[in-house]
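Tertiary structure, described
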Amino acid sequence: MARVEDTLHDRELRQAGAMGAAGTLRDEEITVSDFTTELSERIPGVEFELEPEQEMLTVNMGPHHPATHGVLRLVVDLEGEVVKDLKPVIGYVHTGIEKSCETMQYWKVIPFVERMDYLSYFFNMQAYVGAVEQLIGLEVPRRAQWLRVLHMELNRIHSHLVWLGTSALDLGAMGVYFYCFRDRDRVLDTFEMSTGQRMHTRYFQIGGVAEDIPAGFEQKVRKTVEQLKTGIHQYESLLDKNEIFLIRTKDVGVVSRERLVELGVTGPLLRAAGDPWDLRKEGEYLAYPELDFDVPVGTVGDGYDRYRVRLTEMKESLKIIEQILDGLPEGPWVADDRKYALPPRAELSTSMESLIHHFKLVTEGFRVEPGEVYNPVESPRGELGCFVMADGSSKPARVHFREPSFVNLQALADMTIGEYVADLIQTLAMLDPILGGIDR
Amino acid sequence: MSIRPDEIKVVPRGPEPGGMGGAYRAFGETLRGLRTTMGRLFEKPVTIQYPEEKTPVYPRFRGRHKLHKFEDSGLEKCVGCSLCAAACPAECIRVVAAENDPEDRVSGGERYAAVYEINLARCIFCGYCEIACPFDAITMGHDYEMADYNRSDLIFTKEMLLAEPIDRTPLRGEGE
C-alpha cells in the first residue's frame with residue numbers, strides 16, 4: 001500500500017513540477033489536531049485527544065552496541081529519556097548448533113555444545129554429558145565427579161568475573177574491568193594447565209573426564225584461589241560503597257519475585273529477589289550434596305542486590321574449590337565401561353580387544369536405546385537444561401538446550417519499562433545475557 | 001533434597017545513597033578506591049609484551065598439529081587408517097591412503113597416507129584426532145601462531161605437518 005501511495009505522490013509532484021506549479025498541490029497542511037478532530041467526528045462517542053507533550057521516539061539499540069554484551073538488538077520506544085516499550089530482537093549469532101548436533105556421534109557433540117554459551121562451557125558440557133549418562137545409565141566415578149565440580153566452580157568464577165568487569169565498565173568503573181580480566185586470565189591459566197585449552201576444553205567426556213589433572217595442579221589452583229580472594233577484596237573496596245555505584249544500582253530494575261517466577265527467570269537474578277532457588281541444592285547432581293556451601297539471596301532484587309549476590313557466589317565457589325582440593329578422592333577418572341568410554345591408551349598396543357573397542361567408539365560411536373532425558377544444571381546464569389532424545393542410533397535424534405540467558409532476557413522489559421535509558425544499559429548489564437547462548 | 005534454612009545467606013544491602021553519608025562517601029570512598037588502585041603501582045605488571053615476548057604455554061596446551069616419524073627407521077607413523085578424520089567434529093582432516101611399496105616404504109604399516117591435509121581454518125583444536133590415533137602418529141603441538149594472509153595457506157599438507165616446526169613457543173613448568 002505504502003509503495004503505491006508513494007509512487008502516486010511522486011507522480012503528482014513530477015506533474016506539478018512539469019506544470020511549473022510545484023507547491024500548489026499540497027498547500028493545505030494537515031496538522032495532528034485536525035486529524036484527531038476528524039477521527040472524533042467519524043467515530044461518534046469516542047473523544048480523541050491530543051497530548052501535546054507526548055512524542056515517542058523509536059530507537060534501535062544495537063545489534064552493534066557495546067553495551068548489549070553481544071549482538072543483541074533492542075527496539076526501544078522512548079519518551080524523552082524514559083523507556084516506554086522495549087522489544088529484544090535476537091538471532092544475529094544463530095549458529096544452528098542444536099541442529100548440527102543431530103548429525104554427530106554422541107561424543108562429537110561435546111565440542112559443539114560448549115561453544116553455545118561461551119562463558120560457561122563446562123556447564124554446557126555437564127548438562128549434555130549428564131543427560132547422555134542418564135540415558136545409558138552410566139555411573140560416573142567419584143573422582144571424575146569431584147573434578148567436574150572443581151572445573152565448573154572455577155568456570156562460574158570466570159563467568160562472573162567477565163560479567164563484573166563489563167558491567168562495571170558500563171557504569172564507568174574502568175579499573176574494575178582490568179582487575180577482573182587480570183583474575184579471569186589466572187582462572188583460564190588453570191584450565192589450560194589441566195585441560196589443554198583456555199576455553200572450549202572438551203574436558204568432560206561421557207563417563208568421566210578426558211584425563212586426570214596434571215602434577216602441580218593443586219598448588220596452581222590454591223595459588224589462584226588466594227589471588228582471587230585478594231581480587232574480590234579489591235572489587236569490593238572499589239564498588240561496595242562507591243556513591244556513584246550506589247546511586248546507579250540501588251532500586252533500579254526491580255521486579256517482584258512472583259513476576260520473576262512467572263517469567264521463568266532463574267539464577268542470580270531470582271536469588272537477588274529473595275528466592276533461594278539453586279539447583280546445586282535442589283538437583284543433587286555430582287558431588288554437590290557432599291559439599292558445604294551457602295546460597296546467597298538478596299532482599300530487594302535491584303541491581304545492587306544482583307551485584308552482591310554474584311560477588312558472594314564467587315566467594316562460595318572459592319569455598320567449594322578449597323573443599324574439593326582438600327578432599328579430592330583417589331581412583332579412576334573415567335568409567336571403566338568399554339562400551340561407552342575409550343580404553344586407556346596404554347592398552348591399545350597390547351590388547352586387541354581394546355583396539356577393536358577404540359576403533360568402534362571412534363568411528364561409529366555407541367548406540368543409545370530410544371528414550372529421552374532432561375538434565376538441568378545450575379549455570380552462572382541460572383537453570384541450564386539439556387534435553388536429549390535418542391532413537392537407537394549412534395547419533396542423538398534431538399538435542400535441545402534450555403538456555404538461562406534466553407529465558408532471563410524476557411524479564412528485561414519488566415525491569416526497564418518506566419526507567420531511564422541509562423538505567424536500561426545498567427539493567428541489561430546486570431542481567432548478564434550471553435548472546436551465543438541465546439541464539440545457539 | 002531442598003535447601004536448609006541455615007544455608008541461605010542474605011547479602012548485606014550496603015548504605016543508602018545520598019544525604020550526609022553520600023557526601024562523605026563521595027570523598028571518603030573515592031579515596032579508599034584510590035588507595036586500592038594506587039597500591040597496584042608497586043606490583044609487578046601482569047601483562048606480556050606479546051610479539052617480542054611469547055606467552056608460555058602449559059605442556060598440555062593444544063596448538064598446531066604435528067605428524068611424527070619413527071626415530072630409528074625414519075618411517076612415518078601414520079598408516080592412513082583415517083580414524084582422525086572420522087573423529088574430527090569439524091571435518092577438517094582429509095586422508096587418502098595408499099599401499100606401501102615393499103621396496104620403498106613410507107610408513108611402518110601396510111598402508112601409508114598418500115594425502116594428509118588439515119584445514120587449520122576449520123580446526124577447533126579439540127584434540128580428538130590425537131585421542132583417536134592408535135599409533136600416536138598425530139599429536140597436538142604447542143605452536144599457536146598460525147595467522148596467514150590466504151585461506152589456502154592454512155591447509156597444511158603432510159610435508160608441512162611432518163616438518164620440525166620452528167620452536168617459537170616457550171613451555172611453562174609445573175610450578176608456574
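Residues numbered from 1 in each chain as written. Chains lettered and ligands numbered in written order. Predicted model: local features only at pLDDT ≥ 70, side-chain atom pairs only at ≥ 80, totals over all residues. Heavy atoms only, no water.

Some words on the environment of Val221 of chain A
Tracing the backbone shows Val221 of chain A in helix H8 (residues 217-239). Residues contacting Val221 of chain A, with those up to four places away along its chain left out, are Leu150, Thr190, Ile321 and Leu325 of chain A. (Helix = DSSP H or I, 4+ residues; strand = E, 2+ residues; numbered from the N terminus. Contact = heavy atoms within 4.5 Å.)

Remarks on the sheet that holds strand S3 (residues 82-89) of chain A
Residues and elements named next belong to chain A. The sheet built from three strands is open, its strands ordered S1-S2-S3 with antiparallel pairing. One side of each edge strand has no neighbouring strand; the edge strands of this open sheet are strand S1 (56-61) and S3. With strand direction ignored, the average angle separating the axes of adjacent strands in the sheet is 20 degrees. Strand direction decides the pairing type here: strand S2 (residues 73-79) and S3, joined by seven bridges, are antiparallel. Directly across from Asp77, in S3, lies its bridge partner Asp85. (Pairing = 2+ DSSP bridges. Axes fitted to C-alpha atoms, helices over the stretch in contact; angles between N-to-C directions.)

Thoughts on the packing of aromatic side chains
Residue and element names in this part refer to chain A. Counted according to the given criterion, the structure contains 16 aromatic pairs over all chains. Pairing Tyr177 with Phe178 gives two aromatic rings, centres 5.6 Å apart and planes at 65 degrees, and the pair type is edge-to-face. We classify Tyr177 as partly exposed; its relative accessible area is 22%. Taking the centre distance of 5.9 Å and the plane angle of 50 degrees together, the rings of Tyr304 and Tyr307 count as tilted. A residue pair is termed a helical-turn pair when its members lie 3 or 4 positions apart in one helix, as Tyr304 and Tyr307 do in helix H13 (residues 303-327) at three residues. (Phe/Tyr/Trp six-rings, centres within 6.5 Å; stacked < 30°, edge-to-face > 60°. Buried < 20%, exposed > 50% of the residue type's maximum accessible area, 1.4 Å probe, protein only.)

Digging into the pairing of strand S4 (residues 111-119) of chain B
Residues and elements named next belong to chain B. Direction of pairing for strand S3 (residues 93-99) relative to S4: antiparallel, over a ladder of seven bridges. In the strand pairing of S4, Ala98 is matched with Tyr112. Looking at chain direction, S4 and strand S6 (residues 155-156) are connected through two bridges and run antiparallel. Looking across to S6, one finds that Ile118 is bridged to Phe156.

Some points on the packing of helix H5 (residues 121-136) of chain A against helix H6 (residues 142-170) of chain A
Residue and element names in this part refer to chain A. It is the contact of H5 with H6, at a shortest axis distance of 8 Å, that shows an interaxial angle of 145 degrees. Residue-level contacts link Tyr121, Phe122, Phe123, Gln126, Val129 and Glu133 of H5 to Arg148, His151, Met152, Asn155, Arg156 and His158 of H6. For the contact of H5 with H6, the per-class residue count stands at five nonpolar, four polar and three charged. (Nonpolar A, V, L, I, M, F, W, Y, C, P; charged D, E, K, R; others polar.)

Considering the interface of chain A and chain B
Listed by partner, the interface residues are 64 residues for chain A and 54 residues for chain B. Overall, the association of chain A and chain B removes approximately 5200 Å² of surface from exposure, summing both partners, and the carbon and sulfur fraction of that is 54%. Here chain A and chain B share nine salt bridges between them. A salt bridge links Lys9 of chain B to Glu316 of chain A; the shortest N-O distance between them is 3.0 Å. (Buried area = accessible area lost by both parts, 1.4 Å probe. Salt bridge = Lys/Arg side-chain N within 4 Å of Asp/Glu carboxyl O.)

Let's talk about the packing of H6 of chain A against H13 of chain A
Residues and elements named next belong to chain A. One way to put it is that H6 packs onto H13 with a least axis distance of 9 Å and a crossing angle of 155 degrees. On the basis of the axis angle, H6 is roughly antiparallel to H13. Handedness of the H6/H13 crossing: left-handed. Here the contact of H6 with H13 is composed, by residue class, of 15 nonpolar, four polar and five charged. (Parallel < 35°, antiparallel > 145°, perpendicular 65-115°, else oblique. Left-handed = near helix turned anticlockwise from the far one by under 90°.)

Some remarks on the domain arrangement of chain A
For interface size, the figure often reported is the accessible area lost on association. Segmentation of chain A into domains returns domain 1 (1-50) and domain 2 (97-439). Computed over C-alpha atoms, the centres of domain 1 of chain A and domain 2 of chain A are 58 Å apart. (Domains from an automatic or database assignment.)

Describing the environment of Thr416 of chain A
All names here are of chain A. Looking at the secondary structure, you find Thr416 in helix H17 (residues 411-416). Between the C-alpha atoms of Thr416 and Val187, which are 229 residues apart in sequence, the distance is 33 Å. Discounting chain neighbours no more than four positions away, the residues touching Thr416 are Val83, Leu86, Leu424 and Thr427.

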